[in-house]
Amino acid sequence: MSTSDLTLALECADIADEISLGRFLAQDLKVETKPDRTPVTDADKAVGEAIRSHIEIHRSSDAIVGEEYGDNRGEHRRYWVIDPIDGTANFLR
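Below: a short report on this structure. This is a predicted model, so every value here is computed, not measured.

## Considerations on unusual backbone geometry
Working step 1: For Leu 25, which is not a glycine, the phi torsion comes out positive at approximately 65°.
Working step 2: Inspection of the secondary structure puts Leu 25 in the loop between α1 (3–23) and β1 (31–33).

## Considerations on the environment of Glu 75
Working step 1: Its location among the elements puts Glu 75 in the loop between β4 (70–71) and β5 (79–82).
Working step 2: The exposure class of Glu 75 is exposed, given its relative accessible area of 80%.
Working step 3: Separated by 27 residues in sequence, Glu 75 and Gly 48 place their C-alpha atoms 22 Å apart.

## What to know about the pairing of strand β3 (residues 63–66)
Across a regular strand the side chains alternate sides, sitting on one face of the sheet and then on the other.
Working step 1: Of the two faces of β3, the one carrying Ala 63 and Val 65 and the one carrying Ile 64 and Gly 66 are both buried.
Working step 2: In the sheet, β3 pairs with β5 via four bridges, with the strands oriented parallel. Looking at the pairing, Ala 63 lines up with Tyr 79 of β5.

## Quick notes on the nonpolar core
Working step 1: Leu 8, Cys 12, Ala 16, Val 47, Ile 51, Ile 55, Ile 64, Trp 80 and Ile 82 together form the largest nonpolar core, which totals nine residues.
Working step 2: Going through the elements one at a time, α1, α2 (42–58) and β5 are the ones with two or more residues in this core.
Working step 3: The residues contacting Cys 12, other than those within four sequence positions of it, are Ile 51, His 54 and Ile 55.

## Overview of the environment of His 76
Working step 1: On the secondary structure map, His 76 appears in the loop between β4 and β5.
Working step 2: On the accessibility criterion, His 76 (34% relative accessible area) is partly exposed.
Working step 3: Placed 14 residues apart in sequence, His 76 and Asp 62 show a C-alpha to C-alpha distance of 6.3 Å.
Working step 4: The contact partners of His 76, leaving out residues within four places of it in the chain, are Ser 61, Asp 62 and Ala 63.

Definitions and cut-offs
- Residues numbered from 1 in each chain as written.
- Predicted model: local features only at pLDDT ≥ 70, side-chain atom pairs only at ≥ 80, totals over all residues.
- Heavy atoms only, no water.
- Helix = DSSP H or I, 4+ residues; strand = E, 2+ residues; numbered from the N terminus.
- Buried < 20%, exposed > 50% of the residue type's maximum accessible area, 1.4 Å probe, protein only.
- Pairing = 2+ DSSP bridges.
- Core = buried A, V, L, I, M, F, W, Y, C linked by side-chain atoms within 4.5 Å.
- Contact = heavy atoms within 4.5 Å.

Shown next as structure tokens:
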């Protein structure tokens, strides 16, 4: 991982922190159940979308594999793996 990759990863972590902390303990948190019967919140989706957007802006040639929004690896040699909030069940508690 190059320094610029690490910088991008840290920027993504900061984005995730800002969004998830803003939704933590929110009284209006929206929760859905995925086909695999695990929960997904509006915070998960917002974090996933924001990180995906940030990576697309700064690394348009890289693919993204995400828990909430799928896999666009295709023929890409490099890809980023996104799990917006690891431990959503605990986030809900």
